[in-house]
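Chain and residue survey
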Amino acid sequence: MQVSEIQETIKMIDEECLDIRTITMGISLLDCIDPDIDTSCRKCEEKICRLAKDLVRTGEEISRTYGIPVVNKRISVTPIAFLVAASGGDPVKYARMLERCAQKLGVDFIGGYSALVQKGYAHGDLELIDSIPRALKETQHVCASVNIGSTKAGINMDAVKRMGEVIREAAELTADDNCIGAAKLVVFCNAPEDNPFMAGAFHGVGEGDCVINVGVSGPGVVRAALAKAPKDAPIDRIADLIKRTAFKITRMGQLVGTVASEKLGVPFGIVDLSLAPTPAVGDSVAHILEEIGLETCGAYGTTAALAMLNDAVKKGGVMATSHVGGLSGAFIPVSEDAGMIHAAKEGILKLEKLEAMTAVCSVGLDMIVIPGETPADVISGIIADEAAIGMVNSKTTAVRLIPAIGRKVGETLDFGGLLGEGPVMPVNQTSDAVFINRGGRIPAPLQALKN
């Protein structure tokens, strides 16, 4: 039995795109806070480089020893707005410091250029938010995120308005580089503090000083398992098959996280048992949905199939590790999923259908390219709608939109690598400016009163 399990794992890696998507080291910078911004940056750089000096080497060593691809090595840090609150000064200095760390350490991304403003702006928050477009233009590896709502707090509509503007500004400043700035920026509702996936990773204040979080990925493995099932198999049997497959995938994440923790001498945090796709053929969440029985992702039935998939992944994965966290479930980033790209290009998968799907998946409207002419208030409206889904359903939702400056519907932005390519999708341009300009805060829903 053990030999057959080993052979099965080898096949999943070689033929079905199974990988550890990321090992992410979370580092607290709270002890680096200083009233002088240059001193604070120096403390941060010293701590990050000291704790993460062996991160990349350890990931590569695990890959060689166990034959398991570890695709990305990443770092997340305390939301930088907390440091700006004490130090003042130009927040972009912190972004440049994070970029220096990423280049010295050889990591793929570093996240935490972030602010948590779901209930209002504290000192440092607005300064950091206003600096995000410049910070993303001046850096390659730095990712930014802002949490603008939660089930407990409601939705900060002042922040919603500002983030629509910031997304446009980030795209405009990087228009000569496929608007990549906006691709490294996420707007959250109910952001988790232990998410290992970019661009939304930050190290929450409730976390320990330093932890290792692992994100697993295996859409190709799930699709391959479903391909062997009879086409007339009842849906509960399909759900059971997904659960068993998710268990196997997550066990590998648990192994890698445990080994990395021991080698680095850092506590093991969580396994994020997500199905994170890539543009590679055979590594698509959309293709899983099509294997379940849809002709193309975006057809009626897509939301129901995705709900079942997301639930089965969680149920199977939670049995395989003691510490589940992050986002955990199925991701639907359009530009990063070969099946989603195809469905969007064909006009079958539309923004409104994607919004419906976000009510039952792990994240939200992710890596969606929109026309460059889309005004900031319309972007803010999309953010507000998505945040409302997260707030009312007590789940994480997010928006990562890329306004394709100078591009029209039907054209394509090619980001390369894991970010893939995205067709410019049509957006309803009807004005919502009066609603967005009201500002204030949408009150927390009744679901918040659980005490």
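Thresholds applied
- Residues numbered from 1 in each chain as written.
- Predicted model: local features only at pLDDT ≥ 70, side-chain atom pairs only at ≥ 80, totals over all residues.
- Heavy atoms only, no water.
- Helix = DSSP H or I, 4+ residues; strand = E, 2+ residues; numbered from the N terminus.
- Rg over C-alpha atoms; globule rule 2.2 N^0.38 Å.
- Contact = heavy atoms within 4.5 Å.
- Areas by Shrake-Rupley, 256 points an atom, 1.4 Å probe, with all protein chains shown as cover.
- Lys, Arg positive; Asp, Glu negative; His and termini not counted.
- Charge placed at Lys NZ, Arg CZ, Asp CG, Glu CD.
- Axes fitted to C-alpha atoms, helices over the stretch in contact; angles between N-to-C directions.
- Parallel < 35°, antiparallel > 145°, perpendicular 65-115°, else oblique.
- Left-handed = near helix turned anticlockwise from the far one by under 90°.
- Nonpolar A, V, L, I, M, F, W, Y, C, P; charged D, E, K, R; others polar.
- Buried < 20%, exposed > 50% of the residue type's maximum accessible area, 1.4 Å probe, protein only.
- Polar contact = N/O pair within 3.5 Å; in protein donor to acceptor, adjacent residues only side chain to side chain.
- Core = buried A, V, L, I, M, F, W, Y, C linked by side-chain atoms within 4.5 Å.
- 1 Å grid on protein atoms, 1.4 Å probe; cavity = no way out; pocket = protein on both sides within 12 Å on 5 of 7 lines; lining within 4 Å.
- Points joined across faces, edges and corners; volume = space filled by probe spheres on them.
- Salt bridge = Lys/Arg side-chain N within 4 Å of Asp/Glu carboxyl O.
- pLDDT = per-residue confidence, 0-100.
- Expected span 1.5 Å × (residues − 1).
- Pairing = 2+ DSSP bridges.

1. A closer look at the overall build of the chain
Tallying secondary structure elements over the chain gives 16 helices and 13 strands in all. Against the 2.2 N^0.38 benchmark of 22 Å for 451 residues, the chain shows a C-alpha radius of gyration of 21 Å, consistent with a compact globule. Structurally, the chain occupies a C-alpha span of about 60 × 55 × 50 Å along its principal axes. Within the chain, contacts between residues separated by at least 24 positions form 78% of all contacts whose residues are at least 6 apart in sequence. Here the chain has roughly 17000 Å² of accessible surface; of this, 53% comes from carbon and sulfur atoms. For the chain, the distance from the average position of its 44 positive side-chain charges to the average position of its 56 negative side-chain charges is 3 Å.

2. Remarks on the packing of helix α4 (residues 80–87) against helix α6 (residues 125–138)
At a minimum axis distance of 8 Å, the contact between α4 and α6 shows a crossing angle of 120 degrees. Taken together, the axes of α4 and α6 lie oblique to each other. Crossing handedness for the pair α4 and α6: right-handed. Taken together, the residues of α6 that come into contact with α4 (itself represented by Ile 80, Ala 81 and Val 84) are Asp 125, Glu 127 and Leu 128. Residues of the contact of α4 with α6, tallied by class, amount to four nonpolar, no polar and two charged.

3. A few points about the side chain of His 203
Assignment of secondary structure puts His 203 in the loop between β6 (185–189) and β7 (210–217). Owing to a relative accessible area of 1%, His 203 belongs among the buried residues under this scheme. Polar side-chain contacts of His 203 include one of 2.6 Å to the backbone oxygen of Gly 208.

4. A word on helix α13 (residues 338–345)
Most of α13 is tucked away: six of the eight residues are buried. Three or more residues of α13 are buried, namely Ala 338, Gly 339, Met 340, Ile 341, Ala 343 and Ala 344. Looking at the buried residues of α13, the elements they touch are α11 (285–292), α14 (351–358) and β12 (421–423). Backbone nitrogen of Gly 339 and a side-chain oxygen of the N-cap are separated by 2.9 Å at the start of α13; the cap is Asp 337.

5. What to know about the nonpolar core
Residues Ile 48, Ile 75, Tyr 113, Ile 148 and Leu 309 are the most contacted members of the largest nonpolar core, which totals 131 residues. Not counting residues up to four positions away in its chain, the partners in contact with Ile 48 are Ile 27, Leu 29, Ile 75, Val 77, Met 97, Leu 98, Cys 101 and Leu 105.

6. Remarks on empty space enclosed by the protein
Gaps left between atoms are located by rolling a probe of water-molecule size over the structure's atoms. Considering all chains together, one arrives at two cavities of 30 Å³ or more under this definition. Space inside the largest cavity adds up to approximately 50 Å³. Contributing to the lining of the largest cavity are Val 216, Ala 246, Ile 249, Thr 250, Leu 273, Ser 274, Leu 275 and Val 313. No other element matches helix α10 (residues 235–264), which puts three residues into the lining of the largest cavity. Of the residues belonging to the lining of the largest cavity, the class tally is six nonpolar, two polar and no charged. In this structure, the second largest cavity occupies an estimated 30 Å³ of space. Breaking the lining of the second largest cavity down by element, the ones donating at least two residues are β6, α15 (376–393) and β10 (397–404). Along the lines of polarity and charge, the residues of the lining of the second largest cavity split into eight nonpolar, one polar and one charged.

7. Considering the pattern of salt bridges
Within this structure, the stated rule accounts for 25 salt bridges. One salt bridge connects Glu 336 with Arg 400, and the closest N-O pair in it is separated by 3.4 Å. Residue Glu 336 is located in the loop between α12 (302–318) and α13, and its partner Arg 400 is located in strand β10; the two are separated by 64 residues in the primary sequence. Across the pair, Arg 400 and Glu 336 agree in class, each one buried. Salt bridges sharing partners connect three or more residues here, namely Lys 53, Asp 54, Arg 57, Glu 61 and Lys 263.

8. Section: the confidence of the model for the chain
Per-residue confidence for the chain averages 90 on the pLDDT scale, and 95% of its residues sit at or above 70. Counted against residues more than four places away or in other chains, residues 1–7, with its pLDDT under 50, gives zero contacts.

9. Side note on the packing of helix α9 (residues 219–227) against α11
Between α9 and α11, the least distance of the axes is 9 Å, while the angle of their chain directions is 15 degrees. As judged from the angle between their axes, α9 and α11 are roughly parallel. The two elements α9 and α11 cross, and the hand of that crossing is left-handed. For the pair α9 and α11, the contacting residues are Pro 219, Val 222, Arg 223, Leu 226 and Ala 227 in the first and Val 285, His 287, Ile 288, Glu 291 and Ile 292 in the second. The residue makeup of the contact of α9 with α11, split by class, is seven nonpolar, one polar and two charged.

10. Digging into α15
With 18 residues, α15 extends 26 Å from end C-alpha to end C-alpha; this agrees with the ideal 26 Å at 1.5 Å per step. Across the 18 residues that make up α15, a large majority, 14, are buried. Looking one or two residues past α15, Ser 394 carries a phi angle of roughly 50 degrees, positive in sign.

11. Regarding the pairing of strand β2 (residues 70–77)
On a regular strand, each side chain points to the face opposite its neighbour's, so the side chains alternate between the two faces of the sheet. In terms of burial, β2 is largely enclosed, as seven of its eight residues are buried. Bridge count between strand β1 (residues 19–27) and β2: seven bridges; the pairing is parallel. By the bridge assignment, Gly 26 is partnered in β2 with Ser 76. Of the strand pairs in this sheet, β2 and strand β3 (residues 109–116) are connected by three bridges, and their pairing is parallel. Residue Ile 75 lies in a different strand from β3, and its bridge partner there is Ile 110.

12. Topic: the environment of Asp 194
Along the chain, the position of Asp 194 falls in the loop between β6 and β7. Measuring from C-alpha to C-alpha, the distance between Asp 194 and Ile 212 comes to 9.6 Å, with 18 residues separating the pair along the chain. In contact with Asp 194, other than residues within four places in its own chain, are Glu 207, Asn 213, Ile 270, Gly 325 and Gly 326.

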